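What follows is the residue order along each chain.
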Amino acid sequence: MAIRRLGQILVDLGFISDEQLVLLLEEQEQQAEHQPIGKIAEDMNLITDDQLVQALAEQLGMQVISLDDVSIPGDLLARVTEPMAQLYKVIPVAFDEDMNELTVATCEPQNLSTQDELRQFLGYSIRIVVATERDIQKTLDRYYSQDTESFESLVHDLEADASLAKAAQALMGDGPIDITDAEALADSAPVRKLLNMVLLMAIKDHASDIHFEPFEEEFRIRVKADGVLFEMVPPPRHLAFAITTRIKVMADLDIAERRMPQDGRIELTVGGHPVDLRVSVLPTMFGESVVMRLLDRSVVSLDLDKVGMHPVTLKEFRKVMERPNGIVLVTGPTGSGKTTTLYSALSEMNEVSDKIITTEEPVEYDIDGIVQIPIDADIGNTFANCLRAILRQDPDTILVGEIRDRETAEIAIQASLTGHMVFSTLHTNDAPSTVTRLKDMGIPTFMITATVEAILAQRLVRRICSQCREETTPSKDMLYELQMKPEELAGRKFYKGVGCENCNNTGYKGRIGLYELLLMNDDIRDMIMRNASTDEIRDVARGFGMTTLRDAGMNLAYDGLTTIEEVVRETVLEA
């Protein structure tokens with residue numbers, strides 16, 4: 001049976017009139033992002049929170065519950081961790097042991113993915129009941145107020161669990177393992193709960209990586225957020241095997257193989273949006289080390305105007321993007337935002353009139369209208385082989401994920417010489433040194449000067465937390481690092497974050513890019529042909545207006561967006 005529209009239900013229940021429904025539909029149509037009609041009606045004070053919940057329950061055939069009347073015992077509360085309860089805005093209200101069914105209250109029953117996601121995380125059948133948003137928030141505050149202690153208390157409970165320790169000890173050692181016992185331990189509720197909490201906390205903090213590291217006396221978990229690793233409370237050492245096995249099960253890896261490196265992928269849907277986890281398992285002296293790379297597509301804005309590029313640099317970069325052929329290289333270390341910059345550029349160039357093909361390892365973000373090819377070296381599908389095939393697909397613009405060797409570089413050069421625009425990445429310290437890197441690969445100098453149109457070097461520095469920012473004075477050590485005198489900074493204001501709840505007491509929240517754009521011109525091409533040094537090329541490029549990474553960082557520090565310490569940490573002083 002078709003689900004009745006919520007607007008009509010509100011009319012049928014007598015909460016709004018037909019005229020008000022027409023007004024709501026017009027308001028919804030005018031919004032850039034269509035809000036649910038119930039939310040619009042509530043914002044316009046046409047209905048109350050209780051009336052909205054009653055209408056949603058009527059629409060979906062669910063029960064309404066008042067959480068003021070419910071007392072939640074500790075064992076029931078423990079079935080849903082604080083990060084999960086906060087992320088999904090759910091409260092556990094009942095558990096049926098016989099049916100293995102957990103009943104949860106939510107204020108967003110129309111979000112149908114919540115039920116599937118909770119089932120996937122928790123391993124229970126899920127039944128949904130409806131409560132008001134006010135009720136849900138009040139109950140979250142009442143029962144989950146000790147959020148900073150929740151992970152520590154979970155680790156403490158695991159340490160005290162003797163049966164879990166006995167099961168884990170039985171599987172430790174270098175000999176063959178019982179697959180059934182290993183899977184049972186990895187699927188046990190405590191191990192599930194610990195890993196779920198780590199994942200949800202990392203996603204909530206917009207972390208980029210999670211490291212699980214076994215040592216002789218401890219099992220360390222570290223999370224990388226804003227480019228810096230933070231250590232979590234270490235779980236019991238004997239759970240190292242169970243946790244890594246659980247990750248390998250989720251990534252569909254061989255749990256019996258503990259001597260060889262393995263790579264896998266976990267696809268999750270969290271809070272209604274997809275999150276990709278790239279899993280790397282590496283054997284060590286004391287067990288398997290696991291690193292999970294988080295790719296949360298919902299938090300990446302593929303918009304060149306939002307990557308943090310200076311307006312002047314951005315204008316010049318856009319001019320290069322409009323050229324009919326040539327090579328544009330984006331350089332920087334791993335995790336410096338190269339891929340995001342390139343995707344943002346391609347998204348802007350993505351027109352019906354142009355054919356864009358990318359070849360990447362792996363394909364990180366799906367973009368409608370762009371043909372994206374994943375690299376798989378195990379079956380011979382390398383960058384070079386892929387690039388040859390791409391040229392037969394009549395592309396206008398090509399993205400090569402990374403130029404790693406001479407063969408890939410030569411094919412990219414041939415592609416640019418035959419009328420294609422080629423974008424790619426390299427690992428170099430700055431823009432001028434990229435020329436030396438290409439020469440080291442064996443690319444002839446005349447080929448570099450004939451094809452390379454621009455080189456964009458970039459770094460990411462942490463952004464000062466806006467909620468705890470205060471003015472500060474640079475220390476003498478920092479001035480020495482910058483090779484600057486106090487009088488040179490006269491009249492300049494500098495800021496730092498003192499640390500607050502919003503930034504987990506780090507003083508930083510989010511990151512912003514530093515960009516160095518080297519535009520090729522006749523003078524620089526002549527210097528490259530004469531084998532000029534990197535420093536000479538840099539000096540000439542600066543004369544033509546190139547802003548170095550260090551200068552770009554100092555401009556952000558002057559604007560109060562980052563600290564001098566961050567600029568010094570991420571950039572080198574140019575000669």
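Everything below is about the structure printed above this text.
Owing to the predicted nature of the structure, the values given are computational and were not obtained by experimental measurement.

What counts, and where the lines are drawn
Residues numbered from 1 in each chain as written. Predicted model: local features only at pLDDT ≥ 70, side-chain atom pairs only at ≥ 80, totals over all residues. Heavy atoms only, no water. Pairing = 2+ DSSP bridges. Helix = DSSP H or I, 4+ residues; strand = E, 2+ residues; numbered from the N terminus. Axes fitted to C-alpha atoms, helices over the stretch in contact; angles between N-to-C directions. Phe/Tyr/Trp six-rings, centres within 6.5 Å; stacked < 30°, edge-to-face > 60°. Buried < 20%, exposed > 50% of the residue type's maximum accessible area, 1.4 Å probe, protein only. Lys NZ or Arg CZ within 6 Å of the ring centre and 35° of its normal. Arc of directions from axis to C-beta. Contact = heavy atoms within 4.5 Å. Polar contact = N/O pair within 3.5 Å; in protein donor to acceptor, adjacent residues only side chain to side chain. Core = buried A, V, L, I, M, F, W, Y, C linked by side-chain atoms within 4.5 Å.

### Considerations on the sheet that holds strand 1 (residues 90-96)
Logical step 1: Ordered by their spatial adjacency, three strands build an open sheet running 1-2-3, and the pairing between neighbours is mixed. Each end of this open sheet is capped by a strand with a single partner; those strands are strand 1 and strand 3 (125-130). Here the average twist between neighbouring strands, direction ignored, is 30°.
Logical step 2: Sheet topology places strand 2 (residues 101-106) next to strand 3; six bridges connect them, and they run parallel.

### Some remarks on the packing of aromatic side chains
Logical step 1: Inspection of every chain in the model, using the stated rule, returns three aromatic pairs.
Logical step 2: Look at Phe 212 and Phe 219: their rings are 6.4 Å apart centre to centre, the planes differ by 25°, and that puts the pair in the stacked class. Judged on exposure class, the residue Phe 212 and its partner Phe 219 are both buried.
Logical step 3: Over the aromatic face of Phe 95 sits the side chain of Arg 79, whose NZ or CZ is 3.8 Å from the ring centroid.

### Let's talk about helix 21 (residues 522-529)
Logical step 1: The complete set of buried residues in helix 21 reads Ile 524, Arg 525, Met 527 and Ile 528. Looking straight down helix 21, one finds that the buried residues subtend no more than 160° of arc, so they occupy a single side.
Logical step 2: Summarising the contacts, the buried residues of helix 21 are in contact with helix 18 (433-440), helix 19 (445-451), strand 15 (452-464), strand 18 (508-519) and helix 22 (534-543).
Logical step 3: The opening residue of helix 21 is Asn 521, an N-cap whose side-chain oxygen sits 3.2 Å from the backbone nitrogen of Asp 523.

### Quick word on unusual backbone geometry
Logical step 1: Phi is positive for Asp 394, close to 55°, though the residue is something other than glycine.
Logical step 2: If you trace the backbone, Asp 394 turns up in the loop between helix 16 (383-390) and strand 13 (397-400).
Logical step 3: By relative accessible area, which is 62% here, Asp 394 ends up exposed.
Logical step 4: Its identity as a non-glycine residue notwithstanding, Asn 531 has a phi of 60°, on the positive side.
Logical step 5: Under the relative-accessibility criterion, Asn 531 is labelled exposed at 51%.

### Notes on the nonpolar core
Logical step 1: In terms of nonpolar packing, the biggest core is built from 65 residues, with Leu 122, Ile 210, Phe 212, Ile 243, Val 279 and Met 292 touching the most fellow members.
Logical step 2: When residues of this core are assigned to their parent elements, the largest contribution, nine residues, is made by helix 12 (residues 189-204).
Logical step 3: In this structure Leu 122 touches Arg 79, Val 80, Met 84, Leu 102, Arg 192 and Asn 196, once residues within four positions along its chain are discounted.
Logical step 4: One finds Phe 383, Ile 403, Ile 413 and Leu 556 within the second-largest nonpolar core, a separate group that totals 44 residues.

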